[in-house]
Amino acid sequence: MCSYLREIIEHGIEEAEDYYLAAEVLERVRKGHEPIHSSADIRKSLGLDN
């Protein structure tokens, strides 16, 4: 039983960390401090724009 609880807690903590990291990146994007690239630009840079 304890191992199941530990797994649930650890998974929840990991999910919360992922959420907060994503929220930080989104805030940087909104402020213009994080570069963004369109899928067309990425395809072109990889030579897949044929």
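Residues numbered from 1 in each chain as written. Predicted model: local features only at pLDDT ≥ 70, side-chain atom pairs only at ≥ 80, totals over all residues. Heavy atoms only, no water.

Asks: Would you mind going over helix α1 (residues 2-31) with me for this structure?
Replies: Because an α-helix packs 3.6 residues into every turn, residues spaced three or four apart end up facing the same way. Here α1 is 30 residues long and its end C-alpha atoms lie 44 Å apart, about the 44 Å a rise of 1.5 Å per residue gives. Positive backbone phi, at 80 degrees, marks Gly32, one or two positions downstream of α1. (Helix = DSSP H or I, 4+ residues; strand = E, 2+ residues; numbered from the N terminus. Expected span 1.5 Å × (residues − 1).)

Asks: In this structure, what is going on with the packing of aromatic side chains? I would like to understand it.
Replies: Any two aromatic rings considered together are summarised by their centre-to-centre distance and by the angle between their planes. This model, assessed by the stated rule, comprises one aromatic pair. With a centroid separation of 5.1 Å and an interplanar angle of 80 degrees, the aromatic rings of Tyr19 and Tyr20 are classed as edge-to-face. Of the two residues examined, Tyr19 and Tyr20, each falls in the exposed class. (Phe/Tyr/Trp six-rings, centres within 6.5 Å; stacked < 30°, edge-to-face > 60°. Buried < 20%, exposed > 50% of the residue type's maximum accessible area, 1.4 Å probe, protein only.)

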